[in-house]
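Next come the chains, spelled out residue by residue.
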Amino acid sequence: MKLTGPAANGYFRKPDPSHAALLIFGADPMRVAEKRQHVIKALIGPEGEEEMRLTRINAADLRKDPALLLDAIKAQGFFPGHRVAFVEDATDGLAKLIATAMADWQSGDAQVVITAGQLTAKSALRKAVEGHRNAVAIGLYDDPPTIADVEQALRDATIAVPDRDVMEALMALADTLEPGDFRQTLEKVSLYKRGDDQPLSIEDIMANAPQSAEVDVDDILEVVATGQADQLGPLLRSLYAQGVAPVTLCIGAMRHFRRLHVVASDPGGPAAGAGRLRPPVFGQRRDKVVRQAGQWGRDRLEKALTALTDVDLQLRSANTAPQNALMERTLIRLAMMARR
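In this text, all values refer to a predicted model and were calculated from it rather than measured experimentally. (Residues numbered from 1 in each chain as written. Predicted model: local features only at pLDDT ≥ 70, side-chain atom pairs only at ≥ 80, totals over all residues. Heavy atoms only, no water.)

**Concerning the overall build of the protein**
Here is step 1: Counting its secondary structure elements, the protein contains 16 helices and 6 strands.
Here is step 2: Judged by the C-alpha coordinates and their principal axes, the protein covers about 75 × 50 × 35 Å.
Here is step 3: Per-residue burial over the protein gives 43% buried out of 340 residues.
Here is step 4: Across the protein, every contact between residues at least 6 apart in sequence was considered, and the portion connecting residues at least 24 apart equals 72%.
Here is step 5: Carbon and sulfur atoms form 52% of the exposed surface of the protein, whose accessible area is close to 18300 Å².
Here is step 6: A gap of 6 Å separates the mean positions of the 42 positive and 45 negative side-chain charges of the protein. (Helix = DSSP H or I, 4+ residues; strand = E, 2+ residues; numbered from the N terminus. Buried < 20%, exposed > 50% of the residue type's maximum accessible area, 1.4 Å probe, protein only. Contact = heavy atoms within 4.5 Å. Areas by Shrake-Rupley, 256 points an atom, 1.4 Å probe, with all protein chains shown as cover. Lys, Arg positive; Asp, Glu negative; His and termini not counted. Charge placed at Lys NZ, Arg CZ, Asp CG, Glu CD.)

Here it is in structure tokens:
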């Protein structure tokens, strides 16, 4: 069977040891590895690997010796406890072999945990696991973490859930960092706050956050579209320091506001307009587009596009005015317009 959303997150926290197999797949190897690590630890405990109750099988080795998986499933360990056979970097070429192993699986055998890269809906490996009555497949997609995800990460790091302002800062940090980097940051915060009874503050977070976290164009556009003009300066300095040209930022802004204009102009309303976007947007990104389009409205979005078109022409002309300043001034105007 296939699990998604809250059901998938709940399964990662508390996997069912009676299942024959679990497939975790996704385009981001770090996300996949992090979830796999949590699942295996939950199944065999912190001492499981030292007690030889975990068998690691690389996909390349399994292709050379197909008996490796079935041997690992049926082998009896010296120490008592749940056992796991972990197949790493599996592909569709192993679908039949894994399906055969699951068909031979019986209660008391080692549970199979499989990781893979991005798999399409037609993937043979996905079909083999999703179609099995006693196996689970979970896909990890590049969606921003939810509040529930961040709250769970805080609990894992033994940090009390903070107040709203600090939580918003954590959400912004989680959007910026890779999952593994975010988890390590929270672990550093936990050590930093040990013996400190004061509530978690933004200063505590920034003192432990990676200083090299990069800013991208989407970060700037989110700040502009939501009217956070006071945050523009530091973000723009970081973006320009990474070598992003003002004209590139202008092109990204025009693309974003054109999309919002399309959504806001739909006769069925922003929600219907977002559903007609091509390429489509899903999940929290779709909710964000709908919310921003509704807040701006068609008329203000047209004014924003006019301002961006004007600055685009200036950036591409022989104008000697500093390009960074031209772009920053336009973005500040747009951010102030979002507040009205």
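**Things to note about the packing of helix α13 (residues 246-265) against helix α15 (residues 283-316)**
Here is step 1: At a closest axis distance of 7 Å, the pairing of α13 and α15 adopts a crossing angle of 145°. Helix-helix and strand crossings are classified by hand; for α13 and α15 the assignment is left-handed.
Here is step 2: A breakdown of the residues in the contact of α13 with α15 according to their chemical character gives 19 nonpolar, 6 polar and 6 charged. (Axes fitted to C-alpha atoms, helices over the stretch in contact; angles between N-to-C directions. Left-handed = near helix turned anticlockwise from the far one by under 90°. Nonpolar A, V, L, I, M, F, W, Y, C, P; charged D, E, K, R; others polar.)

**Here's the deal with a nonpolar patch on the surface**
Here is step 1: Together, Met52, Phe78 and Phe79 give the surface a local cluster of nonpolar side chains, amounting to about 380 Å² of exposed area.
Here is step 2: Along the chain, the position of Met52 falls in the loop between α2 (29-44) and β3 (54-58). (Patch = residues over 30% accessible without salt bridge, like charges linked within 9 Å, V, L, I, M, F, W, Y side chains within 5 Å. Salt bridge = Lys/Arg side-chain N within 4 Å of Asp/Glu carboxyl O.)

**Quick look at the packing of helix α4 (residues 67-74) against helix α5 (residues 95-104)**
Here is step 1: Put simply, α4 and α5 touch, their axes get as near as 10 Å, and they point 25° apart. In terms of their interaxial angle, α4 and α5 are classed as roughly parallel. In the crossing of α4 with α5, the sense of the turn from one axis to the other is right-handed. Each of Leu69, Leu70, Ile73 and Lys74 in α4 lies in contact with α5, whose residues at this interface are Leu97, Ile98, Ala101 and Asp104.
Here is step 2: Partitioned by chemical class, the residues of the contact of α4 with α5 number 6 nonpolar, no polar and 2 charged. (Parallel < 35°, antiparallel > 145°, perpendicular 65-115°, else oblique.)

**Structural notes on the environment of Ser190**
Here is step 1: If you trace the backbone, Ser190 turns up in helix α9 (residues 179-192).
Here is step 2: Classification of Ser190 by relative accessible area gives buried; the value is 18%.
Here is step 3: Considering only alpha carbons, one finds Ser190 and Gln295, 105 residues apart in sequence, at a separation of 38 Å.
Here is step 4: Not counting chain neighbours up to four residues away, the residues in contact with Ser190 comprise Ala157, Thr158 and Ile159.

**Describing the environment of Val136**
Here is step 1: Note on placement: Val136 falls in strand β6 (residues 135-140).
Here is step 2: Given a relative accessible area of 0%, Val136 falls into the buried group.
Here is step 3: Sequence separation of Val136 and Leu22 is 114 residues, and the distance between their C-alpha atoms is 4.8 Å.
Here is step 4: With near-sequence residues (within four places) excluded, Val136 lies in contact with Met1, Leu3, Tyr11, His19, Ala21, Leu22, Leu23 and Val129.

**Description of the sheet that holds β3**
Here is step 1: Taken in spatial order, the 6 strands of this open sheet run β1-β6-β2-β5-β4-β3, and their pairing is parallel. Only two strands of the sheet have a single neighbouring strand rather than two, namely β1 (2-3) and β3.
Here is step 2: Sheet topology places strand β2 (residues 21-26) next to β6; 6 bridges connect them, and they run parallel. When the sheet's bridge partners are listed, Ile24 is paired in β6 with Ile138. (Pairing = 2+ DSSP bridges.)

**A closer look at α5**
Side chains that are three or four residues apart share a direction in an α-helix, a result of its 3.6 residues per turn.
Here is step 1: Here α5 has its buried residues at Ala95, Ile98, Ala101 and Met102. All buried residues of α5 fall inside an arc of 130° around its axis, so they share one side. For α5, the exposed residues set more than 90 degrees away from the buried face come down to Lys96 and Ala103.
Here is step 2: As for α5, its buried residues are in contact with β2, α4, β4 (84-90), β5 (111-116), α6 (124-130) and β6. (Arc of directions from axis to C-beta.)

**Topic: the side chain of Asp204**
Here is step 1: Note on placement: Asp204 falls in helix α10 (residues 202-208).
Here is step 2: There is a polar contact of 3.1 Å between the side chain of Asp204 and the backbone nitrogen of Ser201.
Here is step 3: Ignoring anything within four residues of it in the chain, the contact list for Asp204 reads Val189, Tyr192, Lys193 and Pro199. (Polar contact = N/O pair within 3.5 Å; in protein donor to acceptor, adjacent residues only side chain to side chain.)

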